[in-house]
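Read off the chains here:
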Amino acid sequence: MYIIAQKLVWKSNEDGYLVGSRGSVGSSFVAYLSGITEVNSLSPHYYCTSCHYYDFDSEEVKQFSGMAGCDMPDRVCPVCGRPLEKDGFDIPFETFLGFKGDKEPDIDLNFSGEYQSKAHDYTEVIFGKGQTFRAGTIGTLADKTAFGYVKNYYEERGVRKRNCEISRIVQGCVGVRRTTGQHPGGIIVLPHGEEIYSFTPVQRPANDMTTMTVTTHFDYHSIDHNLLKLDILGHDDPTMIRMLQDLIGFDPVKDIPLDSKEVMSLFQNTSALKITPEDIGGCKLGALGVPEFGTDFAMQMLIDTQPKYFSDLVRIAGLAHGTDVWLGNAQALIQEGKATIQTAICTRDDIMVYLISMGIEEGLSFSIMESVRKGKGLKPEWEEEMTAHGVPDWYIWSCKKIKYMFPKAHAAAYVMMAWRIAYCKVFYPLAYYASFFSIRANGFSYELMCQGRDKLEYYLADYRKRIDTLSKKEQDTLRDMRIVQEMYARGFDFMPIDIYRAKARHFQIIDGKLMPSLSSIDGLGEKAADAVVDSVKDGAFLSREDFRNRTKVSKTVCDLMGDLGLLFELPESNQLSLFDLG
Ligand SMILES: [Zn+2]
């Protein structure tokens, strides 16, 4: 499994895309050494790349136990005098495989969304044609739909049934297969010499019969005990990093320090951006647009917990992505002064490590962690055992509330990616905004955002007034407006779109300003924007009519572009221009 994952990661890196790890694979030091994950699971340590001096257990290092290597102060090698590297996230291996190696390991990887299909194709190269299948999913009947079916069935036949009889029949229908689909990234691998039919029928997914993709009929949880499953998912972070890399020309792994004070300050205040909260609608932090931390929910957590270290961010990412882990749980405990960000349960690993430290047997500590993180709570005998070992009541209370929890390795991997993007936000602002608007800003609007700060403020105020009634799309637009507001406040500006120079989907940095993509124009989709770029190659447009005919852009969008001043002074039709000349 390691070698397979390694081949996939190497191939992607070779093709210029970083891969993010997800799930618990970062718990494995071998996975780190083989390049599958960037998360080094060892305890915090210093090491010298030159003479191989290392320090895991001096007193200065030990006080960072449970934290991260990059939290430690800089030191020079006492042997050769070179600056020491700092690494280690202190993640137990057992989260990945269990104490007896009896947990099924799972290697999940985040490829760039632009690269995902190539990674899928590459599994065929590794294993051979016909050896890999997309994992199918089975959609089942939910209670509301089942209720509708049963009720309609009797109504159509004029039969009256008591409510209890209806709900009895509904119970019988819930969970019955309704449709099939495909998993977003799961690939099932067939061992050589076996036939797929020994395990599952295969099919085209019912929700898309035209695709060439063949999926397994059964979903992979039903067959993953027997077959290797790889999760090859698509994610925006690696795509962002790739674009930043292209714009800045740096190595996003080697050239970005994980201990930058300026980057850390984004999670504490707005000082690194050289703006004040008043400049950006009262937002107290510089974290807008930073993955994992840019939402109001996450920013409120940052304000409540006041992170000082990189490892605090890992803990907060864990809290933010669990279910019933923060609200009504850790938040209350921190407010009441019973726990701090360092002692609250933030990731599933915390539970196991803590229980072992309290003297509870390792295997049992693992079982308790697994039960809690799946939302199954505590058995009465476990509670007794915990109390007997001096585990405080608030801790037991907290365990019982948790419904789902991130592994620490996953949180660490995500924070590393987020940190890199945050670094560019501080030090390469135009590259950062260009990448964000190109890749993540799906609510971007040229009309609302690119015609100067005053117009933006006007629309922003209007959206804020209607905040409770905004549609999903408008919420995205509001999010993107706030990031544009921050960009203007930092003193940066857009330049008007030049239809002959603009790219279809990507923003460009030209003369210290950002030229938006064609697809940022309302109503001009990505495909239509591609068509505009294609038709530009055939020379200048003679008229609006010529523009519409060659690009297939609709009259409405064309008129909007005219109103925005993007079509220069093109006459309505070629004819008219000849007439004018006459
Ligand atoms: Zn040295």
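Everything quoted here is computed from the prediction, not taken from an experiment.

**Q** Can you help me understand helix α18 (residues 408-427) in this one?
**A** At 3.6 residues per turn, the α-helix brings residues three or four places apart onto the same side. End to end, α18 covers 28 Å across 20 residues, agreeing with the expected 28 Å (1.5 Å per residue, within 8%). Counting buried residues in α18 gives 18 out of 20 residues, a clear majority hidden from the surface.

**Q** Any chance you could explain the domain arrangement of the chain here in plain terms?
**A** As a measure of interface size, the accessible area lost when the parts come together is often cited. For the chain, the assigned domains are domain 1 (2-97), domain 2 (119-231), domain 3 (239-409) and domain 4 (428-581). Of note, the centres of domain 1 and domain 4, computed from C-alpha atoms alone, are 43 Å apart.

**Q** I'm lost on the pairing of strand β10 (residues 228-235) in this one. Help?
**A** In the case of a regular strand, side chains alternate between the two sheet surfaces. Pairing between strand β5 (residues 108-112) and β10: five bridges, direction parallel. Its bridge partner lying in β10, Asn110 is registered against Leu233. With four bridges connecting them, strand β7 (residues 177-189) and β10 associate as antiparallel partners. Within β10, the position partnered with Ile188 by the bridge is Lys229.

**Q** Looking at this structure, I do not really get the sheet that holds strand β2 (residues 45-47). What am I missing?
**A** Sheets are built from strands that pair by backbone hydrogen bonding, the pairs being arranged parallel or antiparallel. Reading across from one edge, β3-β2-β4 is the order of the three strands in this open sheet, with antiparallel pairing throughout. Strands with a single pairing partner mark the edges of an open sheet, and in this sheet they are β3 (54-55) and β4 (85-87). Summarising the sheet, β2 and β3 pair through two bridges and their orientation is antiparallel. Paired with Tyr47 across the two strands is Tyr54, which belongs to β3.

**Q** Would you take a moment to explain the sheet that holds β10 for this structure?
**A** Taken in spatial order, the seven strands make up an open sheet running β1-β5-β10-β7-β6-β9-β8, and their pairing is mixed. Since the sheet does not close on itself, it has two edges, and those belong to β1 (20-22) and β8 (202-203), each with one partner. Where strand β6 (residues 132-140) lies against strand β9 (residues 215-219), two bridges are found, and the strand directions are parallel. In the strand pairing of β9, Arg134 is matched with Thr215. On the sheet, helix α5 (residues 116-127) packs against β5, β6, β7 and β10 and is oriented at approximately 155° with respect to β10. Seen against the sheet, helix α9 (residues 236-248) touches β1, β5 and β10 and runs at an angle of roughly 40° to β5.

**Q** When you look at unusual backbone geometry in this model, what are you seeing that I'm missing?
**A** Peptide bonds are, in most cases, trans, and in most cases residues other than glycine have a negative phi. Its identity is not glycine, yet His52 carries a phi of approximately 70°, on the positive side. With respect to the helices and strands, the residue His52 is situated in the loop between β2 and β3. One non-glycine residue, Gln306, lies in positive phi territory at about 45°. Positionally, Gln306 belongs in the loop between α11 (296-305) and α12 (310-321).

**Q** Mind showing me how you'd approach the environment of Ser371 here?
**A** Along the polypeptide, Ser371 turns up in helix α15 (residues 362-373). Residues Ser371 and Cys399, spaced 28 residues apart in sequence, show a C-alpha to C-alpha distance of 9.5 Å. Not counting residues within four places of it along the chain, the set of residues in contact with Ser371 comprises Lys376, Gly377 and Leu378.

**Q** In this structure, what is going on with the packing of helix α6 (residues 143-156) against helix α7 (residues 163-173)? I would like to understand it.
**A** Geometrically, a packed helix pair is captured by the angle between its two axes and the distance between the axes. Relative orientation of the contacting elements α6 and α7 amounts to 125°, with a least axis distance of 9 Å. Between α6 and α7, the interaxial angle falls into the category oblique. Handedness of the α6/α7 crossing: right-handed. Contacts between α6 and α7 pair Asp143, Ala146, Phe147, Tyr149, Val150 and Lys151 from the former with Ile166, Ile169, Val170 and Cys173 from the latter.

Conventions we followed
- Residues numbered from 1 in each chain as written.
- Predicted model: local features only at pLDDT ≥ 70, side-chain atom pairs only at ≥ 80, totals over all residues.
- Helix = DSSP H or I, 4+ residues; strand = E, 2+ residues; numbered from the N terminus.
- Expected span 1.5 Å × (residues − 1).
- Buried ≥ 20, exposed ≤ 12 C-beta atoms within 10 Å, placed from the backbone.
- Domains from an automatic or database assignment.
- Pairing = 2+ DSSP bridges.
- Contact = placed C-beta atoms within 7 Å.
- Axes fitted to C-alpha atoms, helices over the stretch in contact; angles between N-to-C directions.
- Parallel < 35°, antiparallel > 145°, perpendicular 65-115°, else oblique.
- Left-handed = near helix turned anticlockwise from the far one by under 90°.

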